[in-house]
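Chains, contacts and geometry: an overview
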Amino acid sequence: MSALTVGDRARYRAKPSVLDALKSPRMLTREVLAGLVVGLALIPEAIAFSVIAGVDPKVGLFSSFIMAVSIAFLGGRPAMVTAATGAVALVIAPVAPTYGMDYFIATVILAGIFQVILGVLGVAKLMRFIPRSVMVGFVNALAIFVFSSQFPQLIDVPWLVYPLVALGILVMIVMPRITKIVPAPLVSVIIVTAVVLTMGIAVPTVGDQGELPRSLPSLFLPDIPWTWETFGIIAPFALGVALVGLMESLLTAKLVDEITDTHSNKTRESWAQGVANMLSGFFGGMGGCAVIGQTMIGVKASGARTRISTFCAGLFLFVLVVVFGDFVGTIPMAALVAVMIMVAIGAFDWHSVKPSTLKRMPKSETFVMIATVVLVLLTHNLAIGVVGGVLVASVLFVRRVAHFVSVTRTVSGDGDSATYAVDGELFFASSNDLTTLFSYTEDPSRVVVDLSGSHIWDASTVAALDAIETKYAALGKSVEIVGMNDSSQRMRGRLTGGFE
């Protein structure tokens, strides 16, 4: 890990800081209440993701508690929540049913080790290559994903669930107009729960989703043979968890950066995710990464800005399920569904699909955004959607840049020489057609290729220039290449003549 400069430390300093929140009762109250809301929202998600991963519900709950608390101290993005997630659950799902719980936990721990290594190697710097159109597609796909994940709680349920969900949404719309001191999602959950309990309405509850743990998580050391064969079994799953987890976490951190207009230390966040996954594994958790839905509940809906909210989310999650498990079990799922629906609506970038925006935006940008959304929805994997979106954006960018190269031919007054002025960036996509732009048979005996308006980027261009020289030499004509900048000259000097 590279040492941070004074400028870096100032850039990454949290605003507001934990100390600022502790000095302000109003801010501290907001942070704590935001943590409470997020802690509540984590419960059904952790249980649901445990089911996807093929393990007991307490595995997901323990994982969410441990990862949220540890990332609050270690992470590089204040207010971002890390817990058990669906993307990680999908990747690791085949392990427990096929190989058993010990291999499952070993996979989680190894995934954490991979993430620490990737973090130290600076994988976070690759985030700069993700274009805005992919980010917009990521956010929109996530919003659709969050919204559609609520369907199981809205299908084949008592009809009273629907008015309860509507009540919860109405409370969250009206509450911010009255006061923003208490997070609207928390008020919504309390009111909907109170209505259900006082009126004795029979609807699905949190307790119906699975048994809640009654004690602290204990140390879990996987009982597996420490051999290369074991490594070969768990390594592919662990690497998948590591890559998916890092990608979602870094994209979520970038999104929170934009919402809060602050910077975060992505390198620190990368290795911190790894440490959190290792701790989760050693205490019997299923691992995870940043959860954008709950993060948006905290940051966007509840106004959280510091590590206090993340720590409180993990703490409240533990207290709620272990100490107040009986009460938490009575919370109707309709209340939490309402919260997640509002999160989905708030997260979706509605501006990106307005007719005026679509008309003004380049078609390639819109296509990349749509491609990202479609890939996520088809694969149910945000990471695959983002990688696919970046690949589509790269291909379209290369295709566009390749057409910016022009070649202008001029012949001297005495007809003894011809000069070709090449303008534009020369790389594999643009230089492949470069050899077809010269008039080999019509040109005089001396040819000058002027590259003062271009730059050589790769071996393909050097090979193209060599081919041009060879074609003229076969006709008994000489070629002089001039105007190369220092970088282009060094590359050509190193590679020329090496393609035969």
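Provided above is the structure to which this section pertains.
Here is a short report on the structure shown in this document. (Residues numbered from 1 in each chain as written. Predicted model: local features only at pLDDT ≥ 70, side-chain atom pairs only at ≥ 80, totals over all residues. Heavy atoms only, no water.)

Considerations on the overall build of the protein
Put simply, the test is: Helix numbering and strand numbering both begin at the N terminus, where a helix is a DSSP run of H or I of at least 4 residues and a strand a DSSP run of E of at least 2. We call a residue buried when its accessible area falls under 20% of the maximum for its residue type, exposed when it is over 50%, and partly exposed in between, using a 1.4 Å probe and counting protein chains only. Should any heavy atoms of two residues lie within 4.5 Å, those residues are counted as being in contact. In these tables, accessible area is a Shrake-Rupley quantity obtained with a 1.4 Å probe, and a residue counts as shielded only by the protein chains included in the view. Neither His nor the chain ends contribute to the count of charged residues, in which Lys and Arg are positive and Asp and Glu negative. Charge coordinates come from a single atom per side chain, which is NZ of Lys, CZ of Arg, CG of Asp or CD of Glu.
A tally of regular secondary structure across the protein gives 22 helices and six strands. Principal axes of the C-alpha set define a box for the protein whose edges measure 100 × 60 × 50 Å. Residues counted as buried form 52% of the 500 residues belonging to the protein. Taking the intrachain contacts of the protein between residues at least 6 apart in sequence as the baseline, contacts between residues at least 24 apart amount to 83%. Carbon and sulfur atoms form 66% of the exposed surface of the protein, whose accessible area is close to 22,900 Å². The centroid of the 34 positive side-chain charges in the protein is displaced by 11 Å from the centroid of its 33 negative side-chain charges.

Considering the pairing of strand E5 (residues 446-456)
What counts, and what does not: Strand pairing is defined by DSSP finding a minimum of two bridges between the two strands. Handedness rule for crossovers: strands pointing away from the viewer, path from the first strand over the helix to the second running clockwise, crossover right-handed.
The pairing of strand E4 (residues 417-426) with E5 spans nine bridges and is parallel. Its bridge partner lying in E5, Ser-417 is registered against Arg-446. The pairing of E5 with strand E6 (residues 478-482) spans five bridges and is classified as parallel. Bridging across to E6, Val-447 finds its partner in Val-479. As for the winding sense of the linkage, the β-α-β connection from E5 through helix H21 (residues 459-474) to E6 is right-handed.

Focus on the nonpolar core
Our working definition: What is meant by a nonpolar core is a set of buried Ala, Val, Leu, Ile, Met, Phe, Trp, Tyr and Cys residues, joined one to another through side-chain atoms within 4.5 Å.
Counting residues in hydrophobic clusters, the biggest one holds 83 residues, and the most contacted among them are Ile-43, Leu-61, Ile-130, Val-165 and Ile-297. When residues in this core are grouped by element, the largest group, 11 residues, is from helix H16 (residues 333-347).

Some remarks on helix H14 (residues 307-322)
Helical periodicity: at 3.6 residues per turn, an α-helix aligns residues three or four positions apart in one direction. Defined as follows: By this rule the span expected of a helix is its residue count minus one, scaled by 1.5 Å. Here a polar contact is taken to be a pair of N or O atoms separated by no more than 3.5 Å, where protein atoms must pair a possible hydrogen donor with a possible acceptor and residues adjacent in sequence count only if both atoms sit in side chains.
The first and last C-alpha atoms of H14 sit 23 Å apart over 16 residues, in line with the 22 Å expected at 1.5 Å per residue. In terms of residue burial, H14 counts as a mostly covered element, since 12 of its 16 residues are buried. Every buried residue of H14 is accounted for by Arg-307, Ile-308, Ser-309, Thr-310, Cys-312, Ala-313, Gly-314, Leu-317, Phe-318, Leu-320, Val-321 and Val-322. Near the N-terminus of H14, the side chain that reaches the backbone nitrogen of Ile-308, with its oxygen 3.2 Å away, is that of Thr-306.

Here we look at the environment of Val-136
Residue position: Val-136 is located in helix H8 (residues 132-148). Classification of Val-136 by relative accessible area gives buried; the value is 9%. Here the alpha-carbon distance between Val-136 and Gly-329, two residues 193 residues apart in the chain, equals 36 Å.

Considering the sheet that holds E5
Just so we agree on the cut-off: The convention used is that axes are lines fitted to C-alpha atoms, helices contributing only their stretch in contact, and that angles between N-to-C directions extend from 0 to 180 degrees.
The strand order across the open sheet formed by four strands is E3-E4-E5-E6, and the pairing between neighbours is mixed. Every interior strand has two partners, whereas the edge strands, strand E3 (406-411) and E6, have only one. Within this sheet the neighbouring strands show an average axis-to-axis angle of 20°, counted without direction. Packed onto the sheet, H21 meets E4, E5 and E6 and runs at close to 175° relative to E5.

Re the pattern of salt bridges
As a reminder, the rule being used: Salt bridge, as applied in this entry: a Lys or Arg side-chain nitrogen positioned within 4 Å of an Asp or Glu carboxyl oxygen.
Evaluation of the coordinates by the stated rule reveals seven salt bridges. Where Glu-31 meets Arg-30, a salt bridge forms, and the shortest distance between an N and an O atom there is 4.0 Å. Relative accessible area serves as the criterion here: at 0%, Glu-31 is assigned to the buried category. Close ionic contact of Arg-492 with Asp-466 constitutes a salt bridge, the shortest N to O distance being 4.0 Å. Residue Arg-492 is located in helix H22 (residues 486-495), and its partner Asp-466 is located in helix H21; the two are separated by 26 residues in the primary sequence. Each member of the pair Arg-492 and Asp-466 is classed as buried.

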